Amino acid sequence: MRYTLLLHYPEMTSDDLGPDAIADAMREFDVYAKALQAAGVLATAEVLQPSQVTTTLTAPDGTLRVQDGPFADTKEQLGGTFVIDVPDLDEAIAWAGKAPSLAWGAVEIRPTAVRFVDGEWTATA
């Protein structure tokens with residue numbers, strides 16, 4: 001089963017964090033990604049740019065609206081994702097529990113319903 005681990009945490013600038021904290025976090029995420037890869041469960045991982053460069057589209061009345069910045073004004077933003085392929089939710093929870101970002105935010109585990117592979121939409125089991 002494929003699960004996406006959605007990493008939510010407060011956004012801080014490099015000035016807020018300092019170079020040592022950034023280097024430590026990068027090292028921790030590198031170790032985490034390599035552990036997922038070594039276990040053969042990592043499909044992909046991405047770190048997202050800050051929410052201030054987000055563009056959000058809505059069309060509640062059929063008229064397309066483009067908004068700069070995040071849709072929700074919250075303390076925590078989606079900072080990155082890991083897509084893993086593991087046997088069940090228990091295994092997904094075990095891997096999510098090792099995410100370095102748990103120290104400062106939440107990790108949401110969401111199962112994949114459908115994915116686009118080789119030119120076709122395919123339901124996951």
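Up top is the structure.
The paragraphs below set out a description of the structure included in this document. (Residues numbered from 1 in each chain as written. Predicted model: local features only at pLDDT ≥ 70, side-chain atom pairs only at ≥ 80, totals over all residues. Heavy atoms only, no water.)

1. Side note on the environment of threonine 55
Checked against the element boundaries, threonine 55 lands in strand β3 (residues 55-58). Its relative accessible area of 49% is what places threonine 55 among the partly exposed residues. C-alpha separation for the pair threonine 55 and glycine 69, spaced 14 residues apart in sequence, amounts to 5.5 Å. (Helix = DSSP H or I, 4+ residues; strand = E, 2+ residues; numbered from the N terminus. Buried < 20%, exposed > 50% of the residue type's maximum accessible area, 1.4 Å probe, protein only.)

2. Thoughts on the pattern of salt bridges
By the definition in use, this model includes four salt bridges. When the shortest N-O distance is used, the salt bridge between aspartate 61 and arginine 65 registers 3.3 Å. The class of arginine 65 is partly exposed, set by a relative accessible area of 40%. The salt bridge involving arginine 110 is made with glutamate 108; its shortest N-O contact spans 2.4 Å. Looking at arginine 110, the relative accessible area reads 46%, which means it is partly exposed. Overall, glutamate 108 belongs to the partly exposed group, its relative accessible area being 26%. (Salt bridge = Lys/Arg side-chain N within 4 Å of Asp/Glu carboxyl O.)

3. Description of the packing of aromatic side chains
Per the counting criterion, the structure on display carries five aromatic pairs. Ring geometry for tyrosine 9 against tryptophan 104: centres 5.8 Å apart, planes inclined by 75°, an arrangement best described as edge-to-face. Linking tyrosine 9 in strand β1 (residues 2-10) with tryptophan 104 in the loop between α3 (89-96) and β6 (106-111), this pair joins segments that are 95 residues apart in sequence. On the basis of relative accessible area, tyrosine 9 is assigned to the buried category, the value being 16%. (Phe/Tyr/Trp six-rings, centres within 6.5 Å; stacked < 30°, edge-to-face > 60°.)

Read these as geometric descriptors, not functional statements.
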